[in-house]
Amino acid sequence: QVHLVESGGGLVQAGGSLRLSCEVSGSTLSRYTMGWFRQAPGKEREFVARFSRSGGSTDYVDSVKGRFTISRDNAKNTAWLQLNSLKPEDTAVYYCAASLTAGIAWDYWGQGTQVTVSS
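Residues numbered from 1 in each chain as written. Predicted model: local features only at pLDDT ≥ 70, side-chain atom pairs only at ≥ 80, totals over all residues. Heavy atoms only, no water.

Student: How do you make sense of the packing of aromatic side chains when you look at a structure like this?
Tutor: What characterises a pair of aromatic rings is the spacing of the ring centres plus the angle enclosed by the ring planes. Going through the model one piece at a time under the given rule, you end up with four aromatic pairs. Between the aromatic rings of Phe 37 and Trp 109, the centroid separation amounts to 4.8 Å while the plane-to-plane angle is 55°, which identifies the pairing as tilted. A residue pair is termed long-range when its members are at least 10 positions apart, and Phe 37 in strand β4 (residues 33–39) and Trp 109 in strand β10 (residues 108–109) qualify at 72 residues. You can call Phe 37 buried: its relative accessible area is 8%. The class for Trp 109 is partly exposed, based on a relative accessible area of 33%. When the ring centre of Tyr 95 is taken as origin, the NZ or CZ atom of Arg 45, which lies over that ring, is 4.1 Å away. The ring centre of Trp 109 lies 4.5 Å from the NZ or CZ of Arg 45, which sits over that ring. (Phe/Tyr/Trp six-rings, centres within 6.5 Å; stacked < 30°, edge-to-face > 60°. Helix = DSSP H or I, 4+ residues; strand = E, 2+ residues; numbered from the N terminus. Buried < 20%, exposed > 50% of the residue type's maximum accessible area, 1.4 Å probe, protein only. Lys NZ or Arg CZ within 6 Å of the ring centre and 35° of its normal.)

This is the structure in structure tokens:
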């Protein structure tokens, strides 16, 4: 059974940084496109970033371009999301997800990690 476990969330001041981790167990990371999503209170879950299975391409929502960086290490079965220049509107629960279909559908999800940015 595939499990995704996020860590690294927390409380940070505006302008600060955090690094979220997503550890995959029960399968091999190299099989999946990895993605990060977030859900703010009262809002729907939104796509944040994804990293192709091969590691050759990345994709970001416009609101985080230039501030967030997605990365992965297949040997470590771990993906990361580096969050820089954080803004209060980045406050949300962040989820990692794994896709066998290049992001068309997301097959596995983590439990989420809370990121809170104070102004």
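Student: So what exactly am I meant to see when it comes to the environment of Ser 7 here?
Tutor: Along the chain, the position of Ser 7 falls in strand β1 (residues 3–7). What makes Ser 7 partly exposed here is its relative accessible area of 38%. Counting along the chain gives 86 residues from Ser 7 to Val 93, while the straight-line C-alpha distance between them is 11 Å. Setting aside its immediate chain neighbours within four residues, Ser 7 contacts Arg 19, Leu 20, Ser 21 and Thr 113. (Contact = heavy atoms within 4.5 Å.)

Student: Help me understand the sheet that holds strand β3 (residues 18–25), please; the structure alone is not making it clear to me.
Tutor: Sheets are built from strands paired through backbone hydrogen bonds, the pairs being either parallel or antiparallel. Ordered by their spatial adjacency, four strands build an open sheet running β1-β3-β8-β7, and the pairing between neighbours is antiparallel. At either margin of the open sheet sits one strand with a lone partner, and together these are β1 and β7 (68–73). Averaged over all adjacent pairs, the angle separating strand axes in this sheet is 15°, with direction ignored. Of the strand pairs in this sheet, β1 and β3 are connected by five bridges, and their pairing is antiparallel. Each residue of the ladder has a partner; that of Glu 6, found in β3, is Cys 22. (Pairing = 2+ DSSP bridges. Axes fitted to C-alpha atoms, helices over the stretch in contact; angles between N-to-C directions.)

Student: Explain the pairing of β7 to me, please; I cannot follow it from the model alone.
Tutor: Successive residues of a regular strand alternate their side chains across the two faces of the sheet. Residues Phe 68, Ile 70 and Arg 72 of β7 are buried on one face, while the alternating residues Thr 69, Ser 71 and Asp 73, pointing to the opposite face, are not. The sheet contact formed by β7 and strand β8 (residues 78–83) spans six bridges and is antiparallel. Looking across to β8, one finds that Thr 69 is bridged to Gln 82. Remark: four residues form the turn of the hairpin made by β7 and β8, two consecutive strands paired antiparallel; Asn 77 in that turn has positive phi of roughly 55°.

Student: I'm lost on the nonpolar core in this one. Help?
Tutor: Of all hydrophobic cores here, the largest spans 29 residues; its most connected members are Met 34, Trp 36, Leu 81 and Tyr 94. Counting residues per element, the ones that place at least two in this core are β3, β4, β5 (46–51), β7, β8, β9 (92–99) and β11 (113–118). (Core = buried A, V, L, I, M, F, W, Y, C linked by side-chain atoms within 4.5 Å.)

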